[in-house]
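Observations on the three-dimensional arrangement
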Amino acid sequence: MSATEVAEQTIGDSTAIRPFEVGFPEGELAELRRRVNAARWPERETVSDDSQGVPLAMMQELARYWGTDYDWRACEAKLNALPNFITEIDGLDIHFIHVRSPHEDALPLIVTHGWPGSIIEQLKIIEPLTNPTAHGASASDAFDLVIPSLPGHGFSAKPTATGWDPVRIARAWVVLMKRLGYDRFVAQGGDWGAAVTQTMGAQAAPELAGIHSNMPGTAPAEVVKGFEQGDPPPSDLSGDELRAYQQLSSFYAKHVAYALIMATRPQTLYGLADSPVDLAAFALDHGDGSGQPGLVEKVLQGTYQSDLTRDDLLDNITLYWLTNTGVSSARLYWENQADFFDAKPITIPFAISVFPDELYQAPRSWAERAYPDNLIYFNELDQGGHFAAWEQPQLFSEEMRAAFRPLRPTERAK
């Protein structure tokens, strides 16, 4: 069955792929502005840096713009210019964007976002990946692109029972790609997208030709508990390995508080549903390898050279607000039972890109040890952080082309 035929199934079929359009009443946008402008602010932090959290002045300036000049309708128009769909998988409605390349033999690619991200993270890579000739690349590097919203995120349904962890999501993504008519495809992800994509790699569905991650699990089992507990590093680590160990130790010691509250008490985060300012501050404080709030603070200050803008950040946060998915998205942390950074039991082709401001810079030695027979690509970039596709879409697109090139039919035939 072709993907076109699949898309034309009747709505009465539970496996139907239904067109979807984004649209929120003006009253909801007015209420958002009212709440932003009515925010009750705490006193200023008692330090001159961001060691106590997102600085008051930064949040107040962002709220001033959000409550007056920001235009959600521009984002809504961008989303509606793309082919959006919903389909039911394992009892849950899953939203996704599906853009076909105009080029023949395009490689199907499913890209998964993370938290506090969304499909908005990937909007700037759609054109370069699906239409590479318009962006200085070859037609042979074209992708058909599928970008789903994680359960409980964006326009996907919110689970009403437990069980939607990365393992279940990974299986659902294979169902989605097969339902679209793809019998061979690749997958990519960072953050939660990395967890889902690497789980897909471990499950090794026969249709999955390979995976790519920009937040890969590479750490040897014998060092994981050490950096999670803050133990001194082993004495035999190389320079790159020591840097990674120290980055991960710092993450678990100082950075992971946002994840711990979601992993243990997600329902308690009522402020994410009641206060847009609280939602924005909590999301912005996720941070990256440069700190908290990290690169997003530099974006808001206008001091970071990237494609990421203030409007991009507010598009993403506003999507969380309008869909009321602050708490439902947090439950994924509660559901998860796996570590993020340890080497995974993956034997299918695995490609890795290391961005300098990721939570940690995966050492080549760890990657080669973890995936000795299936590491098909490893590259270290000089720009980009945790939200690489959002921050550096050109670099990210170039990485996707290079990483998956060995899995193209023409390359495999050589």
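Quick summary incoming for the structure in this document.

**Digging into the pattern of salt bridges**
According to the stated counting rule, one finds 20 salt bridges in the structure shown. One salt bridge connects Arg33 with Glu26, and the closest N-O pair in it is separated by 3.1 Å. For Arg33, a relative accessible area of 27% corresponds to the partly exposed category. Linking Arg364 and Glu368 is a salt bridge whose minimum nitrogen-to-oxygen distance equals 3.7 Å. Of this pair, Arg364 and Glu368 both sit in helix 16 (residues 364–370), separated by four residues, roughly a single helical turn.

**Focus: the packing of aromatic side chains**
Using the criterion set out here, one finds 20 aromatic pairs in the structure. Ring centres of Phe227 and Tyr245 lie 5.9 Å apart, and the angle between their planes is 80 degrees; on these two criteria the pair is classed as edge-to-face. Of this pair, Phe227 sits in helix 8 (residues 221–229) while Tyr245 sits in helix 9 (residues 239–255), and the two are 18 residues apart along the sequence. Note on Phe227: relative accessible area 1%, which makes it buried. In textbook terms, an aromatic cluster arises when at least three aromatic residues are bridged by ring pairs, as seen for Trp115, Trp192, Phe227, Tyr245, Phe251, Tyr252, Tyr258, Phe282, Tyr333, Phe340, Phe341 and Tyr360. Directly above the aromatic system of Tyr65 lies the positively charged group of Arg310, at a separation of 3.5 Å from the ring centroid. The positively charged end of Arg408 is found above the aromatic ring belonging to Phe143, 4.4 Å away from the centroid.

**What to know about the side chain of Arg179**
Mapping Arg179 onto the fold places it in helix 6 (residues 166–179). Of note is the side chain of Arg179, whose polar atom sits 2.5 Å from the backbone oxygen of Glu88.

**Looking at the sheet that holds strand 1 (residues 17–19)**
In spatial order, the strands read 1-2-3-5-4-6-7-8-9; together these nine strands make up an open sheet with mixed pairing. The open sheet has two edge strands, strand 1 and strand 9 (375–380), and neither has a second partner. Averaged over neighbouring strand pairs, the angle between their axes works out to 25 degrees when direction is ignored. Note: strand 1 against strand 2 (residues 84–89), three bridges, orientation antiparallel. Bridge pairing links Pro19 to Phe85 in strand 2. Packing of helix 7 (residues 192–203) onto the sheet brings it into contact with strand 4 (107–112), strand 6 (185–189), strand 7 (208–213) and strand 8 (350–354), and relative to strand 7 it is tilted by some 150 degrees.

**A few points about helix 12 (residues 276–284)**
Most of helix 12 is tucked away: seven of the nine residues are buried. Within helix 12, burial applies to Pro276, Val277, Leu279, Ala280, Phe282, Ala283 and Leu284.

**A closer look at unusual backbone geometry**
With an omega dihedral of 0 degrees, the bond running from Trp115 to Pro116 counts as a cis peptide bond. The residue after Gln292, namely Pro293, is reached through a cis peptide bond having omega -5 degrees. For Pro293, the location among the structural elements is in the loop between helix 12 and helix 13 (295–301). In this model, Asp191 sits at a positive phi of 55 degrees, which is unusual for a non-glycine residue. Within the secondary structure, Asp191 sits in the loop between strand 6 and helix 7. Classification of Asp191 as buried rests on a relative accessible area of 7%.

**What about the pairing of strand 5 (residues 143–148)?**
Here strand 5 lies mainly inside the structure; six of its six residues are buried. A two-sided burial pattern is seen for strand 5, the buried positions comprising Phe143, Leu145 and Ile147 on one face and Asp144, Val146 and Pro148 on the other. Summarising the sheet, strand 3 (residues 92–99) and strand 5 pair through four bridges and their orientation is antiparallel. If you follow Ile97 over to strand 5, its bridge partner there is Ile147. The sheet contact formed by strand 4 and strand 5 spans four bridges and is parallel. Bridging across to strand 5, Leu107 finds its partner in Phe143.

**Structural notes on the environment of Arg18**
Among the secondary structure elements, Arg18 is positioned in strand 1. Of the residues examined, Arg18 reaches a relative accessible area of 23% and is grouped as partly exposed. Sequence separation between Arg18 and Phe85 is 67 residues; the distance between their C-alpha atoms is 5.3 Å. In terms of polar contacts, Arg18 uses its side chain to reach the side chain of Asp93, at 2.9 Å.

**Points about the nonpolar core**
Of all hydrophobic cores here, the largest spans 125 residues; its most connected members are Trp72, Ile110, Trp173 and Met200. In this view, Ile110 contacts Val146, Pro148, Trp173, Leu176, Met177, Phe185, Val186, Ala187, Gln188 and Met200; residues no more than four positions away in its chain are not counted.

**Quick word on helix 15 (residues 326–335)**
Because each turn of an α-helix spans 3.6 residues, side chains separated by three or four positions end up pointing in the same direction. Taking burial as the measure, the ten residues of helix 15 include eight buried ones, the bulk of the element. Within helix 15, burial applies to Gly326, Val327, Ser328, Ser329, Ala330, Leu332, Tyr333 and Glu335. For helix 15, the elements touching its buried residues are helix 6, helix 7, helix 10 (257–264), helix 11 (271–274), helix 12 and helix 14 (310–323).

Calculation notes
Residues numbered from 1 in each chain as written. Predicted model: local features only at pLDDT ≥ 70, side-chain atom pairs only at ≥ 80, totals over all residues. Heavy atoms only, no water. Salt bridge = Lys/Arg side-chain N within 4 Å of Asp/Glu carboxyl O. Buried < 20%, exposed > 50% of the residue type's maximum accessible area, 1.4 Å probe, protein only. Helix = DSSP H or I, 4+ residues; strand = E, 2+ residues; numbered from the N terminus. Phe/Tyr/Trp six-rings, centres within 6.5 Å; stacked < 30°, edge-to-face > 60°. Lys NZ or Arg CZ within 6 Å of the ring centre and 35° of its normal. Polar contact = N/O pair within 3.5 Å; in protein donor to acceptor, adjacent residues only side chain to side chain. Pairing = 2+ DSSP bridges. Axes fitted to C-alpha atoms, helices over the stretch in contact; angles between N-to-C directions. Contact = heavy atoms within 4.5 Å. Core = buried A, V, L, I, M, F, W, Y, C linked by side-chain atoms within 4.5 Å.

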